[in-house]
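This is what each chain is made of:
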Amino acid sequence: MNPVLGRRSRFLAATTATAGLLLVAGCSSDDGGGSTTVKGVKLVKGGQLTTCTHLPYPPFQSEIDGKVQGFDVSLIDLVAKDLGVKQEFIDTPFENFKTGAFLNSGECDLAAAGMTITEERKKNVDFSDPYFEATQAVLVDRKSGITSATDLKGKKVGTQAQTTGEDYAKSQGIDPVSFESSDAVLNGLRTGQVQAVVIDYPVVQGWLKDKANADAFEVADNINTGEEYGFTVKKGNTALLAAVNKAITDAKADGTYKTLYEKWIGPYDESAASASPSASASPSPSGSAASTPSDSATPTDAASASVSAS
């Protein structure tokens with residue numbers, strides 16, 4: 001039986017740099033329905049950039065000290081700063097990111113959830129330029145006897161629901177135990193519900209920073225699926241997409257991206273910035289945010305060795 005843990009949608013605000021009310025007032029207009037146009041970008045709510053995300057998914061987004069923080073959060077903060085507004089969050093089920101439901105309904109301006117760019121998802125949403133190259137990790141109990149991904153057949157393998165990590169497991173003939181969140185995936189491994197998990201490497205990195213986890217678990221394999229993460233907007237929202245792409249480009253050019261990468265993920269990997277897929281396995285037809293859609297690499301405040309979950 002696949003344990004899927006329920007989650008209550010929450011509305012969370014992140015501390016974000018703002019350019020001040022005068023700037024917003026000087027270059028925005030209200031259409032009377034609560035939405036606002038700022039610097040040519042129409043926002044669903046005046047004075048804020050509303051981001052749909054799925055918590056927790058460290059190091060990309062999680063609640064720390066009562067605030068939503070992480071690598072994705074910091075990058076989208078740059079977009080909000082350029083627009084002179086603050087970023088706020090709506091925590092939603094990951095499956096909504098595949099369909100673009102919350103974007104189409106006007107509840108969010110964009111989605112940031114460590115999400116892999118796939119052709120299937122492109123049918124429903126518009127993706128930003130890639131901002132992260134992701135790999136999947138196989139994390140196992142040290143006593144499991146599993147030494148590589150080829151040992152997973154016949155084992156109880158946990159994945160995050162609706163993610164590329166889950167897609168990968170299924171493509172290998174594995175019937176995974178599906179969990180709703182990355183926290184639930186780790187708990188499944190801790191309690192012996194599963195013997196291994198496939199999830200984004202950066203997520204695993206974060207887990208292994210905890211000594212208890214590092215003593216109990218180890219990375220048996222890293223799987224290069226050629227995946228890249230992107231942020232999404234409603235189809236046809238070219239103005240916001242351009243603003244997001246500009247923020248990514250500027251951050252890579254001025255060193256901000258490197259600084260944020262080292263803060264949240266670990267030692268900077270140039271390939272993560274270039275996000276040029278390295279062929280080793282073709283990307284899954286669908287993916288999701290819980291297996292980083294590739295979880296990344298090195299220590300930080302929340303990432304440390306594993307499989308893609310987005």
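The structure displayed is predicted, hence computed values, not measured ones.

Q: Can you tell me about the pattern of salt bridges, naming the residues and giving the values?
A: One pass over the structure, following the stated rule, counts eight salt bridges. The salt bridge partner of K86 is E88, with a shortest N-O separation of 2.9 Å. For K258, the salt bridge goes to E262, with nearest N and O atoms at 2.9 Å. In this pair, K258 and E262 both sit in helix α11 (residues 256–264), four residues apart, roughly one turn of the helix.

Q: Tell me about the sheet that holds strand β12 (residues 157–160), and please be specific about residues and values.
A: Strand order in the open sheet formed by five strands is β13-β12-β14-β11-β15, and the pairing between neighbours is mixed. What marks the edges here is a single partner per strand, and that holds for β13 (177–179) and β15 (217–229). Adjacent strand axes in the sheet meet at a mean angle of 25°, parallel and antiparallel pairs treated alike. As defined by bridge partners, β12 adjoins β13 across three bridges and the pair is classed as parallel. Bridge pairing in β13 places T159 opposite S178.

Q: Which residues make up the nonpolar core, and what values go with them?
A: L49, F71, F132 and W207 are the most contacted members of the largest nonpolar core, which totals 50 residues. Here the element with the most residues in this core is helix α10 (residues 238–254); it accounts for seven residues. Not counting the four nearest positions on each side in its chain, F71 is found in contact with P59, F60, Y131, F132, Y257, L260, Y261, W264 and I265.

Q: Give a description of the confidence of the model for the protein that names residues and reports values.
A: For the protein, per-residue confidence averages 79 on the pLDDT scale, and 75% of positions sit at 70 or higher. Every residue in residues 1–28 is under pLDDT 50, and counting partners more than four places away or in other chains gives 67 contacts. Low confidence marks residues 275–309, where pLDDT is under 50. Its contacts with residues over four positions away, or in another chain, come to 255 contacts.

Q: Give a description of the packing of helix α2 (residues 71–83) against α10 that names residues and reports values.
A: A pair of packed helices is characterised by two quantities: the angle between their axes and the separation of those axes. Direction vectors running N to C along α2 and α10 enclose 110°, while the axes themselves pass 9 Å from each other. Judged by the angle between their axes, α2 and α10 are roughly perpendicular. Remark: the crossing between α2 and α10 carries right-handed chirality. The residues of α10 that touch α2, namely those facing L78, V79 and D82, are A243, V244, A247 and A251. In terms of residue class, the contact of α2 with α10 is made up of six nonpolar, no polar and one charged.

Q: Give me the lowdown on helix α6 (residues 164–171), citing residues and values where you can.
A: With six of eight residues buried, α6 is to be regarded as a mostly interior element. Count one or two residues on from α6 and you reach G173, which has phi positive near 80°.

Q: Explain the environment of D175 to me, using residue names and the numbers behind them.
A: Relative to the helices and strands, D175 is located in the loop between α6 and β13. We classify D175 as exposed; its relative accessible area is 67%. For the pair formed by D175 and G158, sequence separation is 17 residues and the distance between their alpha carbons is 9.1 Å.

Reading the values: rules and limits
Residues numbered from 1 in each chain as written. Predicted model: local features only at pLDDT ≥ 70, side-chain atom pairs only at ≥ 80, totals over all residues. Heavy atoms only, no water. Salt bridge = Lys/Arg side-chain N within 4 Å of Asp/Glu carboxyl O. Helix = DSSP H or I, 4+ residues; strand = E, 2+ residues; numbered from the N terminus. Pairing = 2+ DSSP bridges. Axes fitted to C-alpha atoms, helices over the stretch in contact; angles between N-to-C directions. Core = buried A, V, L, I, M, F, W, Y, C linked by side-chain atoms within 4.5 Å. Buried < 20%, exposed > 50% of the residue type's maximum accessible area, 1.4 Å probe, protein only. Contact = heavy atoms within 4.5 Å. pLDDT = per-residue confidence, 0-100. Parallel < 35°, antiparallel > 145°, perpendicular 65-115°, else oblique. Left-handed = near helix turned anticlockwise from the far one by under 90°. Nonpolar A, V, L, I, M, F, W, Y, C, P; charged D, E, K, R; others polar.

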